[in-house]
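A closer look at the structure
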Amino acid sequence: MQHLLNLFIKAIFVENVIFAFFLGMCSFLAVSKKIKTAFGLGLAVVFVMVLTTPLNYFILTYMLEEGALTWIHPSLASVDLTFLAFILFISTIAGAVQLVEMVIEKFLPALYTSLGIFLPLITVNCSILGTSLFMQEREYNFAETAVFSFGSGIGFFLAIVLLAGIRERLRYSNVPAPLQGLGIAMFITALMGLAFLSFSGIKL
Amino acid sequence: MAAPTITDAPPIVKQKKEALFSKKNLQTLRDPLDDTNPITVQVLGICSALAVTVQVKPALIMALGVMFVTAFSNLIISLIRKSIPTRIRIIVQLIIVAMLVTIVDQLLKAYVYDVSKKLAVFVGLIITNCIIMGRLEAFALAQKPWPSFLDGIGNGLGYGLILVMVAVFREFFGAGSILGYKLVPQWAYDHGYVNNGLMVLPPAALFIIGLYIWWQRSRKEELVNVS
């Protein structure tokens, strides 16, 4: 139990998808101009992550890994389909995003219009595929996968809302013209990354 | 093609066959290096630019991989662009990109295993590299195969340029070497030179790209309000 809690804290703070691995930077930089939209995108990412990573875990353990197909027939034990992982993982994610898009369009039309193109682009948000790939690489079991995906999602949510807060404030400061927008956002992310590095001192 | 024998040949003949490296095509190839650089101007594909640039070698290989995938996914999508229904185009694009990335991944595992270990999940993440999707959406869906291919190469090069530049800085100041060759001599260390620990840490890449953007935009006024 404590192990899972450690993993959760680690996924949020120590190995934050944004500040430690820089995954999902495109939407992170593009949608963080207002807290409200950042909040919506953050929630959508958490949802898609929690939905797809465990699903991909099942795909991996029961369809792709060496010996995974024994539940069909014992003679398939030596079949190793892991090279198909990318294609299947991304299909799962694309499907889940389609679902989220339909749900948001139906129930939260205001958020739907404010997210615009970035909603379907969650499909190509690398933090989501990254979580699935980390799950595969680190050989997590199911409980770990579930906790890890939730933690990573919260980590992304936290990061994007924090940056949006800072950027809203930034409107009142005097930034040199060539540095405005993308440039200063990069510097702020770097500084936030340095701040988050301090969590790496925590031994879990 | 033989030169037209009739002197007043209709100009349509000329338009039909554009030269392989016409001015327009060359521009498609060259623009992404600076004016429309995928990372610093289009704000695409930043994630991997930051994550794999601690050393030059993985950065180079990553850049080659991305260039291969952008070029060929652009080419393939452009070839079949008329038969893709718009509603499912994203899935079609993703499947083609995933297929190409799988090829790259298997090649890396077969020939440069140590680098493929170092790149780890980032090879798979080429699929979600926004440069590829961005170029497919913005260029290949509407253009002929050859310009699309060149656009892919150009954007791959522009991406690789930033990647290698950042990696050179980070490896030189962070480890005193480039491509594994020691460049900072031992006597410098004996006299108190210390490798810059910040450069090895991920935020260093953001600082370098941030500085580059600053420099690029103060050099070109028209880029200031791009994003």
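Cut-offs and rules
Residues numbered from 1 in each chain as written. Chains lettered and ligands numbered in written order. Predicted model: local features only at pLDDT ≥ 70, side-chain atom pairs only at ≥ 80, totals over all residues. Heavy atoms only, no water. Buried < 20%, exposed > 50% of the residue type's maximum accessible area, 1.4 Å probe, protein only. Helix = DSSP H or I, 4+ residues; strand = E, 2+ residues; numbered from the N terminus. Contact = heavy atoms within 4.5 Å. UniProt positions renumbered as here; feature names shortened; annotations may be inferred. pLDDT = per-residue confidence, 0-100. Buried area = accessible area lost by both parts, 1.4 Å probe. Salt bridge = Lys/Arg side-chain N within 4 Å of Asp/Glu carboxyl O. Polar contact = N/O pair within 3.5 Å; in protein donor to acceptor, adjacent residues only side chain to side chain. Nonpolar A, V, L, I, M, F, W, Y, C, P; charged D, E, K, R; others polar.

In terms of burial, helix α8 (residues 130-140) of chain B is largely enclosed, as 9 of its 11 residues are buried. Those residues of α8 of chain B that sit buried are C130, I131, I132, M133, G134, R135, L136, F139 and A140 of chain B. In the core, the buried residues of α8 of chain B are packed alongside α2 (25-30) of chain A together with α2 (23-30), α4 (56-79), α5 (89-111) and α9 (145-175) of chain B.

Moving on, we come to the side chain of S132 of chain A. Along the chain, the position of S132 of chain A falls in helix α6 (residues 126-137). With residues near it in sequence (within four places) discarded, S132 of chain A still touches T52, T53, N56 and F89 of chain A.

Residues and elements named next belong to chain A. The UniProt entry lists residues 12-31, 38-63, 83-104, 111-134, 146-166 and 178-202 under the feature "transmembrane region" (unreviewed entry), expressed in the numbering used here. Helix and strand shares over residues 12-31 are 45% and 0% respectively, and the end C-alpha atoms of the span are 20 Å apart. Helix and strand shares over residues 83-104 are 91% and 0% respectively, and the end C-alpha atoms of the span are 34 Å apart.

Residue and element names in this part refer to chain B. Of all residues in chain B, 89% have pLDDT values of 70 or greater, and the mean over the chain is 80. pLDDT under 50 marks residues 9-15. Its contacts with residues more than four places away, or in other chains, come to 1 contact. Two summary scores accompany this predicted model of the complex, namely pTM at 0.81 and ipTM at 0.77.

Another point: the interface of chain B and chain A. Contacts between the two partners involve 42 residues from chain B, matched on the other side by 40 residues from chain A. Taken together, the two surfaces of chain B and chain A that pack against each other cover about 3,500 Å², and 84% of this comes from carbon and sulfur. Our count for the chain B to chain A interface comes out at 0 salt bridges. Linking chain B with chain A are 0 residue pairs in polar contact (both at pLDDT 80 or more), by the criterion used here. Elements supplying a minimum of two residues to the side of chain B that touches chain A: α3 (46-51), α5, α7 (121-124), α8 and α12 (203-219) of chain B. Tallying contributions element by element places α12 of chain B first for the side of chain B that touches chain A, with 10 residues. Of the residues belonging to the side of chain B that touches chain A, the class tally is 31 nonpolar, 9 polar and 2 charged.

A few words on the side chain of N74 of chain B. All names here are of chain B. Here N74 is to be found in helix α4. When its relative accessible area of 1% is taken as the criterion, N74 is described as buried. Other than its neighbours up to four places away in sequence, N74 contacts V69, R135, L136, A140, S148, D151 and G152.

Now for the pattern of salt bridges. All names here are of chain A. Enumeration over the complete set of coordinates arrives at 4 salt bridges over all chains. For the salt bridge of E15 with R138, the shortest nitrogen-to-oxygen distance reads 3.5 Å. With E15 in the loop between α1 (2-14) and α2 and R138 in the loop between α6 and α7 (142-170), this pair connects stretches of sequence that are 123 residues apart. In this structure R138 comes out as partly exposed when scored by relative accessible area, which is 26%.

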